[in-house]
Amino acid sequence: MTHDLNLTQARPSFVTHLECSMTGERYEADRLQGLSSVGRPLLVRYDLEGIRKSLTKETLAARPADMWRYREMLPVREASNIISLGEIATPLIPLPSSGGANVLAKDEGRLPTGSFKARGIAMAVSMAKALGVTRIAMPTNGNAGAALAAYASRAGIEAIVFCPEDTPDVNVREIAMQGARVYRVNGLIDDCGKIVGEGAKEGGWFDLSTLKEPYRIEGKKTMGLELAEQLGWQLPDVIFYPTGGGTGLIGMWKAFAELEAIGFIGPERPRMVAVQAEGCAPMVKAWAEGERHAERWENAHTVASGIRVPKAVGDFLILDAVRESGGFAMAVSDADLMQAVEDAASQDGLLLCPEGGATLAAYRQALRQGLVNENDQVVLFNCATGLKYPLSDRSGTLDRHGPIDFASL
Ligand SMILES: Cc1ncc(COP(=O)(O)O)c(C=O)c1O
């Protein structure tokens with residue numbers, strides 16, 4: 001007997017085909033695919049009418065609370081291909097002091113390998129396994145590579161990971177510990193991406209870069225499905241999302257459209273806010289200039305390494321979602337995002353990652369600028385555990401052999 005029926009029970013997936021996100025061109029599902037012929041992401045399409053007829057909110061509620069409970073809306077067809085390390089539903093934690101009375105943090109740091117990358121990578125690796133892949137490579141700012149290493153090892157797939165040389169040390173070590181080969185590259189994530197792309201062209205491996213294969217986004221989509229379900233099928237007023245490649249924001253936007261199509265929610269949508277760092281804000285610039293595509297951001301720098309992404313292949317999908325939702329894109333300074341991390345930890349007991357801190361800093365900035373108000377129900381995405389990042393040492397020392405002045409401790 002298994003403890004988790006989501007991972008073992010036969011259940012249909014309603015995938016019909018894949019579709020180019022730019023041109024709508026149709027592609028076959030159940031075959032290994034990368035980008036579309038115009039070099040843009042492929043999206044998975046489902047028989048939503050079929051799902052509408054076969055899935056109810058009550059059926060869902062009776063299943064174990066992990067991301068696989070949404071299997072009808074996910075691409076993996078056979079339970080035997082699921083690679084799982086325990087992708088639990090993540091909690092919504094109020095931040096009453098550092099945020100406000102209506103502010104919740106979705107704490108993705110509790111997922112396997114300590115970040116939301118587990119959702120996308122679990123899905124992509126499961127599909128890679130289903131489609132016969134034996135070797136995968138990926139560029140990463142740390143967290144995605146850590147997830148790939150873990151899930152690929154679990155699946156018996158070889159993984160090769162390339163990261164910028166200043167990627168947080170714990171990530172680089174974790175990747176190697178979890179069985180992947182990892183290389184520090186003297187460049188940024190898109191420079192690493194070029195190496196992965198060239199190697200894939202030579203037939204060395206399958207390229208699992210953000211949005212360059214169709215399935216990571218389906219895993220990230222579960223953030224939107226889960227959030228809607230947790231809030232009683234009501235969406236919040238505003239979502240603040242730390243945006244690098246943007247998979248999570250695009251995935252959630254897709255989730256909401258699919259939930260509406262199957263009759264689980266109405267047409268209301270949260271305002272989607274793409275949060276970036278001042279030192280790397282290509283989406284913010286493109287949004288402000290009314291552009292649909294973003295230029296590469298030169299000399300990108302920020303302590304929030306997960307959102308140090310100078311160029312995103314899904315830029316137009318991020319910007320379309322932000323605009324359609326009536327949201328906005330906003331950059332915050334490293335000083336403000338680190339202050340937000342400090343405040344959430346010391347006042348509310350939640351250690352955010354710097355990228356999560358960026359969402360709290362952006363919320364505060366938006367409040368000051370009148371872009372949101374205190375009555376708005378707000379969800380901030382904390383995409384990784386703060387424990388994976390360097391922490392400042394504030395400890396004192398104590399000599400146990402000398403006299404101790406207890407009143408001063
Ligand atoms: C902690 C953290 N937050 C946010 C992001 C950005 O995610 P996305 O690619 O969905 O924009 C990353 C990606 O590396 C990350 O590691």
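Structural data are supplied above this passage.
Residues numbered from 1 in each chain as written. Predicted model: local features only at pLDDT ≥ 70, side-chain atom pairs only at ≥ 80, totals over all residues.

Asks: Requested: an account of the sheet that holds strand E5 (residues 103–107), with residues and values cited.
Replies: Here we have 6 strands laid out as an open sheet, ordered E4-E5-E13-E10-E11-E12, and mixed in their pairing. Looking at which strands have only one partner, the edges of the open sheet turn out to be strand E4 (92–94) and strand E12 (328–332). The average undirected angle you get between the axes of adjacent strands in this sheet is 30°. Note: E4 against E5, 3 bridges, orientation antiparallel. Counterpart to isoleucine 93 in the pairing with E5 is alanine 105. (Pairing = 2+ DSSP bridges. Helix = DSSP H or I, 4+ residues; strand = E, 2+ residues; numbered from the N terminus. Axes fitted to C-alpha atoms, helices over the stretch in contact; angles between N-to-C directions.)

Asks: Which residues make up the site of the ligand, and what are the values?
Replies: Among the 18 residues in the neighbourhood of the ligand, the closest are listed as Gly244, Gly245, Gly306, Glu355 and Cys383. Those elements giving two or more residues to the shell around the ligand turn out to be helix H4 (143–155) and helix H8 (247–261). Here the shell around the ligand is built from residues that sort into 6 nonpolar, 11 polar and 1 charged. Taken together, domain 1 (105–110 + 215–387) and domain 2 (117–207) each give at least three residues to the shell around the ligand, which thus spans both. (Near = placed C-beta within 6 Å. Nonpolar A, V, L, I, M, F, W, Y, C, P; charged D, E, K, R; others polar. Domains from an automatic or database assignment.)

Asks: Give a detailed account of the nonpolar core, specifying residues and quantitative values.
Replies: With 135 residues, the main nonpolar core has Ile136, Leu148, Val161, Phe240 and Val273 as its most contacted residues. When we break this core down by domain, the ones giving at least three residues each are domain 1 (105–110 + 215–387) and domain 2 (117–207). (Core = buried A, V, L, I, M, F, W, Y, C linked by C-beta atoms within 7 Å. Buried ≥ 20, exposed ≤ 12 C-beta atoms within 10 Å, placed from the backbone.)

Asks: How would you sum up the packing of helix H3 (residues 117–130) against H4? Please name residues and give values.
Replies: One can describe the packing of H3 onto H4 by two numbers: an axis separation of 9 Å at closest approach and a directional angle of 40°. Here the hand of the crossing between H3 and H4 comes out right-handed. On H4, the residues touching Lys117, Ala118, Ile121, Ala122, Val125 and Lys129 of H3 are Asn143, Ala144, Ala147, Leu148, Tyr151, Ala152 and Ala155. Class assignment for the residues of the contact of H3 with H4 results in 10 nonpolar, 1 polar and 2 charged. (Left-handed = near helix turned anticlockwise from the far one by under 90°. Contact = placed C-beta atoms within 7 Å.)

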